[in-house]
Protein chains: 2
Amino acid sequence: MTLDDLLATAMAVSEAARPIPLGYFRKPMEIVDKADLSPVTVADRETERVMREVLAARVPEHGIFGEEHGRERLDHRFVWVLDPIDGTRSFITGMPLFNNLVALLDNGVPVIGIVDTPAIGERYHAVKGRGAWFNGQPITTSGCTSLARAAIYRAGHAPEDAAQAARFERFADQGRVNRYGYDAYAYALLASGHVDLMLETDLEPYDYLSLVPLVEAAGGVVTDWAGQPLGLGSTGEVLAAATPELHSQALALLRQS
Amino acid sequence: MTLDDLLATAMAVSEAARPIPLGYFRKPMEIVDKADLSPVTVADRETERVMREVLAARVPEHGIFGEEHGRERLDHRFVWVLDPIDGTRSFITGMPLFNNLVALLDNGVPVIGIVDTPAIGERYHAVKGRGAWFNGQPITTSGCTSLARAAIYRAGHAPEDAAQAARFERFADQGRVNRYGYDAYAYALLASGHVDLMLETDLEPYDYLSLVPLVEAAGGVVTDWAGQPLGLGSTGEVLAAATPELHSQALALLRQS
């Protein structure tokens, strides 16, 4: 398969996912808790099932790492990483910025990433080495190279680990704008030049792997909090920046002892 | 003028405001700081100017309390309270949940309120004693009567005052969902039954007065943190809840010594 074929499959997965949550959005539904206490819905499970059906029809031999329905064939060269509803807390409180996320790993390296925000009709996608797009139009990160001038978003909750939380708090007084939250959508805005820096912890691979090609192909840098590349085995810390200079400054602040 | 006439004027003010910010949204622009350091844009000022033009043409004798262009005739029975872009931090970072807010005070009591979210085509409006609507469809708050089961939103930044911040933090472990931020849009979701409780501080009258008719006419309760009704002279603390029972529980938690 060519990279074009793989991209077509990724877009088909996202397209199939798109309408399902909208059938449940802002409607009464049963809400259950998972072991990690994040809210998850019937819509979540049905959406991932539909995404997997597309993969089963087009690339049945590939691996899959999904949030809701588990992992299979992770030893294959190509592994698809799926989050049917990123931002379930947004979803269940009527906030329209939830997303479906699709990543393709090639030998562990994220090469295709999609952030699709169905309630507002936005899709961000990227291919490593080729570029990034918002609804088909090319996007790039901002040129921001200064922490003091950065628009900073941090995860909507403080890190669970106390040492991580203390490092997270170093950013509280940084930047020209400093806000909380918004899940994967904040990285999409970083890739399109509106947000400059994003920090998070306690993420799972399906939360962050789609964001790697998106941020990188748009001109940004994204790593864990130690500056290491992100993969299936990462720590769940994410630091994304519009430029290498800004990323270095943020990394230096995280590393201060 | 009848209440119908006043509502028609309120809707005309919001309708006139709607397209202006969209001409600047996600486009490069000069950003200046006001004395309170909140970001404000050319779009903000131009939008309020257009809103005031509608009032000047239709109700030139009424009072106006606007965020950008000041106050006039506040001794008139009817005073219009205008926020051209609520959520300027959203606006300048590409987040589509910014709003124009319109409130009408009748002898100091908010009787009409509009939250209009132009980037996603949503308008919430309410008339005291008549009801609340989302894009023309009637809305009501949820029936949530339990703090433990509530979907809670808190302001996107901690209160500036340390004592307020400590009371704010009492809510950190409450609720089935607990998130930060989203400005006036969170109250619109509370009025439409998706969010159950919202707490904020450090607000100005143009931030909160439009939300009073919206929350109340939808079945909820909104006061300051002492349980007092909101008006032009309030403290800037807001507590909004889906039901009187939930409001009482939240007020009790705020009052604990």
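S.K.: Kindly report on the overall build of chain A, identifying the contributing residues and their values.
M.R.: Assigned secondary structure in chain A consists of nine helices and 15 strands. In terms of overall size, chain A behaves like a compact globule, its C-alpha atoms giving a radius of gyration of 17 Å where 257 residues would be expected to give roughly 18 Å. Viewed in the frame of its principal axes, chain A has a C-alpha envelope of about 50 × 45 × 35 Å. Burial status across chain A gives 60% buried among its 257 residues. Counting contacts in chain A only where the partners sit at least 6 residues apart, residues at least 24 apart contribute 61% of the total. Element-wise, carbon and sulfur atoms account for 50% of the exposed surface of chain A, whose accessible area totals about 9600 Å². Taking the 22 positively charged and 34 negatively charged side chains of chain A as two groups, their mean positions are separated by 3 Å.

S.K.: Tell me about the sheet that holds strand E14 (residues 221-223) of chain B, residues and numbers included.
M.R.: Residue and element names in this part refer to chain B. Read across the open sheet, the five strands follow the order E12-E11-E13-E15-E14; overall the sheet is mixed. Of all the strands in the sheet, just strand E12 (177-180) and E14 have a single pairing partner and so form its edges. For this sheet, the mean angle separating the axes of adjacent strands, direction not counted, is 10°. Across four bridges, strand E13 (residues 197-200) lies against strand E15 (residues 238-241) in antiparallel orientation. Opposite Leu 199, over in E15, you have Leu 239 as the bridge partner.

S.K.: Can you break down the interface of chain B and chain A residue by residue, with the values?
M.R.: Counting residues at the interface gives 29 residues for chain B, matched by 29 residues for chain A. Taking both sides of the interface into account, the surface hidden between chain B and chain A amounts to around 2500 Å²; carbon and sulfur atoms contribute 61%. In terms of surface lost to chain A, no three residues of chain B exceed Arg 26, Thr 93 and Met 95 of chain B, which account for 25% of the buried area on that side. Applying the counting rule to chain B against chain A returns four salt bridges. For Arg 26 of chain A, the salt bridge identified is with Glu 122 of chain B, shortest N-O distance 3.1 Å.

S.K.: Lay out the side chain of His 62 of chain A in plain terms, naming residues and giving numbers.
M.R.: Residue and element names in this part refer to chain A. With respect to the secondary-structure elements, His 62 resides in the loop between helix H3 (42-58) and strand E3 (63-66). At 2.9 Å, the side chain of His 62 forms a polar contact with the side chain of Trp 80. Apart from residues no more than four positions distant in its own chain, His 62 is found in contact with Met 1, Leu 6, Arg 73, His 76, Phe 78 and Trp 80.

S.K.: Lay out the packing of helix H1 (residues 3-17) of chain B against helix H3 (residues 42-58) of chain B with the relevant residues and their values.
M.R.: Residues and elements named next belong to chain B. At a minimum axis distance of 8 Å, the contact between H1 and H3 shows a crossing angle of 150°. Classified by the angle between their axes, H1 and H3 sit roughly antiparallel to one another. Relative to H3, the crossing made by H1 is right-handed. Where H1 approaches H3, its residues Ala 8, Thr 9, Ala 12, Val 13, Ala 16 and Ala 17 are matched on the opposing element by Thr 47, Val 50, Met 51, Val 54, Leu 55 and Arg 58. When its residues are assigned to classes, the contact of H1 with H3 shows nine nonpolar, two polar and one charged.

S.K.: Help me get a handle on helix H5 (residues 162-169) of chain A, residues and values and all.
M.R.: Residue and element names in this part refer to chain A. Taken as a whole, H5 has its buried residues at Gln 164, Ala 165 and Phe 168. Axial view of H5: buried residues confined to an arc of 100°, hence all on one face. Turning to H5, the residues buried within the fold contact strand E11 (151-154) and strand E13 (197-200). Between a side-chain oxygen at the N-terminus of H5 and the backbone nitrogen of Ala 163 the separation is 3.1 Å; the capping residue is Asp 161.

S.K.: Any details on the pattern of salt bridges? Residues and values, ideally.
M.R.: Taken as a whole and judged by the stated rule, the model has 28 salt bridges over all chains. A salt bridge links Arg 18 of chain A to Asp 116 of chain A, with the nearest nitrogen and oxygen atoms 2.7 Å apart. With Arg 18 of chain A in the loop between helix H1 (3-17) and helix H2 (19-22) and Asp 116 of chain A in strand E7 (residues 109-117), this pair connects stretches of sequence that are 98 residues apart. Each member of the pair, Arg 18 of chain A as well as Asp 116 of chain A, is classed as buried. Between Asp 183 of chain B and Arg 179 of chain A there is a salt bridge whose closest N-O contact spans 3.4 Å. Of the two residues, Asp 183 of chain B is situated in helix H6 (residues 183-191) and Arg 179 of chain A in strand E12 (residues 177-180); the pairing between them involves two chains. Each member of the pair, Asp 183 of chain B together with Arg 179 of chain A, is buried.

S.K.: Would you mind going over the packing of aromatic side chains in detail, with residue names and values included?
M.R.: Enumeration over the complete set of coordinates arrives at 17 aromatic pairs over all chains. Where Tyr 124 of chain A meets Phe 134 of chain A, the ring centres are 4.6 Å apart and the plane angle is 15°; that geometry is what we call stacked. One end of the pair, Tyr 124 of chain A, is in strand E8 (residues 122-127); the other, Phe 134 of chain A, is in strand E9 (residues 131-134), and 10 residues separate them in sequence. In this structure Phe 134 of chain A comes out as partly exposed when scored by relative accessible area, which is 21%. Their ring planes at 55° and their centres at 4.9 Å tell us that Phe 25 of chain B and Phe 98 of chain B sit as a pair that is tilted. Taken together, the residues span a long stretch of sequence, with Phe 25 of chain B in the loop between helix H2 (19-22) and strand E1 (31-33) and Phe 98 of chain B in the loop between helix H4 (88-92) and strand E6 (99-106) at a distance of 73 residues. Each member of the pair, Phe 25 of chain B as well as Phe 98 of chain B, is classed as buried. Taken together, the ring pairs connect Tyr 153 and Tyr 182 of chain A together with Tyr 153 and Tyr 182 of chain B into an aromatic cluster. Taking NZ or CZ as reference, Arg 154 of chain A lies 4.6 Å from the ring centre of Phe 168 of chain A, over its face.

S.K.: So what's going on with the sheet that holds strand E8 (residues 122-127) of chain B? Which residues, and what values?
M.R.: Residue and element names in this part refer to chain B. Across the sheet, which stays open at both edges, the eight strands sit in the order E4-E3-E5-E6-E7-E8-E9-E10 with mixed pairing between neighbours. Two strands bound the open sheet, and with one partner strand each, they are strand E4 (70-72) and strand E10 (137-138). Of the pairings in the sheet, the one linking strand E3 (residues 63-66) to strand E5 (residues 78-86) comprises four bridges and is parallel in character. By the bridge assignment, Gly 63 is partnered in E5 with Val 79.

Reading the values: the criteria
- Residues numbered from 1 in each chain as written.
- Chains lettered and ligands numbered in written order.
- Predicted model: local features only at pLDDT ≥ 70, side-chain atom pairs only at ≥ 80, totals over all residues.
- Heavy atoms only, no water.
- Helix = DSSP H or I, 4+ residues; strand = E, 2+ residues; numbered from the N terminus.
- Rg over C-alpha atoms; globule rule 2.2 N^0.38 Å.
- Buried < 20%, exposed > 50% of the residue type's maximum accessible area, 1.4 Å probe, protein only.
- Contact = heavy atoms within 4.5 Å.
- Areas by Shrake-Rupley, 256 points an atom, 1.4 Å probe, with all protein chains shown as cover.
- Lys, Arg positive; Asp, Glu negative; His and termini not counted.
- Charge placed at Lys NZ, Arg CZ, Asp CG, Glu CD.
- Pairing = 2+ DSSP bridges.
- Axes fitted to C-alpha atoms, helices over the stretch in contact; angles between N-to-C directions.
- Buried area = accessible area lost by both parts, 1.4 Å probe.
- Salt bridge = Lys/Arg side-chain N within 4 Å of Asp/Glu carboxyl O.
- Polar contact = N/O pair within 3.5 Å; in protein donor to acceptor, adjacent residues only side chain to side chain.
- Parallel < 35°, antiparallel > 145°, perpendicular 65-115°, else oblique.
- Left-handed = near helix turned anticlockwise from the far one by under 90°.
- Nonpolar A, V, L, I, M, F, W, Y, C, P; charged D, E, K, R; others polar.
- Arc of directions from axis to C-beta.
- Phe/Tyr/Trp six-rings, centres within 6.5 Å; stacked < 30°, edge-to-face > 60°.
- Lys NZ or Arg CZ within 6 Å of the ring centre and 35° of its normal.

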